[in-house]
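# Working through the structure, step by step
So you can see what is in the structure, the chains are spelled out below.
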Amino acid sequence: MEPQNNPELEGDDLYEHHRFVAAKGQDPLRVDKFLMNFIEYATRNKIQQAAKKGHIWVNGSLVKQNYKVKAGDEVKVMFAHPPHEFLLVPEDIPLNIVYEDEALLVVNKPAGMVVHPGHGNYSGTLINALLYHIKDLPVNSNERPGLVHRIDKDTSGLLVIAKTETAMTHLAKQFFDKTSEREYIALVWGNVENDHGTIEGAIARNPKNRLQMQVFPDGDEGKEAVTHYEVLERLGYVTLISCKLETGRTHQIRVHMKHIGHTLFNDERYGGDKILKGTTFTKYKQFVENAFKVLPRQALHAKTLGFKHPVTGAHMRFDSEIPEDMMNCVEKWRNYSKHSH
């Protein structure tokens, strides 16, 4: 239940829900527009409501929605109720459990399911489902129950969840030491030049748009990130690839592939929902739009997951089918590339 706005509470403690510091290069920008770039799932209306209620503060002072944010400004959005992540509710949501024992479970997450509650997604997440399935999950260093690693909302595929403190520590260390195995399948724009390669480039948030990550090739910012890719199939204007992750940064494959000029097919956040390669024929445009409809998300699936069992030490390896929406999209491109030559 979302706490109702109780007028008596309005003057009480306000909890910080978001805090941003405007980057050095920030041109003056209205605070409502600035927040639209930084808060996921925020609507202009929601932000204007927050401004009306006196919930937006810049450098410690209340501001109206037309306040112009400048470089170095500290912008905070405050509300009378605590952030929802404190209220993790178990929910009876079906889970596709691939493997489970006393220490851990491996789930195959469908595209569209958010992994953990956060702004704008307080229910229906994988964590809500897990809390229903398992009474007490250990929490990781970010207070996230059971999570050893994550995959994005619109990415499908395999995740390992720790059921005990020992398993959490042990598995987290494998991911940190880069000994776990993670292979993803992606469909990217363009004909990838080399049959295989390695992309290295530190990843951090884009200072102009917090919802995007970007590569900082000099490594002056962000965390080091390494992706190894291999071409599986060339389909004309798109390529099907396999990516093995050495590190697991937020949006790593999406950002690394864009960095080398091969944005993921239909990756809206990084511009892959535009026609990035190909002809100007209306017929082609129609074809791509149909392919977008078949796969209404970025073309990315976490296919394989390997790690050592935290208790027995046995090597475990799980593989999953590429989901139907992605296969249908690949199939469409296969037919198109056959008939367009």
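This structure is a prediction, so every number in the text was calculated from the model and none was measured. (Residues numbered from 1 in each chain as written. Predicted model: local features only at pLDDT ≥ 70, side-chain atom pairs only at ≥ 80, totals over all residues. Heavy atoms only, no water.)

### Some remarks on unusual backbone geometry
Most peptide bonds take the trans form, and the phi angle of most residues other than glycine is negative. Unusually for a residue other than glycine, Lys178 sits at a positive phi of about 65 degrees. Topologically, Lys178 is positioned in the loop between α4 (165–176) and β10 (181–189). Despite not being glycine, Asn266 shows a phi value in the positive range, around 60 degrees. A residue is classified by how much of its surface remains accessible, and Asn266, at 10% relative accessible area, is buried. (Helix = DSSP H or I, 4+ residues; strand = E, 2+ residues; numbered from the N terminus. Buried < 20%, exposed > 50% of the residue type's maximum accessible area, 1.4 Å probe, protein only.)

### Things to note about the nonpolar core
Ranked by size, the top nonpolar core spans 30 residues in total, and within it Leu126, Tyr184, Ile241, Ile253 and Met257 carry the most contacts. Among the elements of the structure, β8 (104–109), α3 (126–133), β9 (156–162), β10, β14 (226–235), β15 (238–245), α5 (252–259) and β16 (300–308) are those that each provide at least two residues to this core. Among the elements that take part in this core, α3 stands out by supplying five residues, more than any other. When neighbours within four sequence positions are excluded, Met257 is seen to be in contact with Val188, Ile199, Ile241, Cys243, His262, Thr263 and Leu264. Ranked by size, the runner-up nonpolar core spans 19 residues in total, among them Val238, Leu240, Ala291 and Ile322. (Core = buried A, V, L, I, M, F, W, Y, C linked by side-chain atoms within 4.5 Å. Contact = heavy atoms within 4.5 Å.)

### Quick notes on the packing of helix α1 (residues 31–38) against helix α2 (residues 44–52)
Running from N to C, α1 and α2 cross one another at 125 degrees; their axes reach a closest spacing of 10 Å. For the element pair α1 / α2, the angle class is oblique. The handedness of the crossing between α1 and α2 is right-handed. Between α1 and α2, the residues in contact are Asp32, Lys33, Leu35 and Met36 and Arg44, Ile47 and Gln48, respectively. (Axes fitted to C-alpha atoms, helices over the stretch in contact; angles between N-to-C directions. Parallel < 35°, antiparallel > 145°, perpendicular 65-115°, else oblique. Left-handed = near helix turned anticlockwise from the far one by under 90°.)

### Focus on the environment of His315
With respect to the secondary-structure elements, His315 resides in strand β17 (residues 315–319). For His315, a relative accessible area of 55% puts it in the exposed group. In sequence terms His315 and Ser180 are 135 residues apart; their C-alpha atoms lie 9.9 Å from each other. Here His315 is in contact with Glu181, Gly306, Phe307 and Lys308, once residues within four sequence places are set aside.

### Let's talk about the side chain of Asp32
One can find Asp32 in helix α1. The residues contacting Asp32, other than those within four sequence positions of it, are Arg44, Ile47, Gln48 and Gln65.

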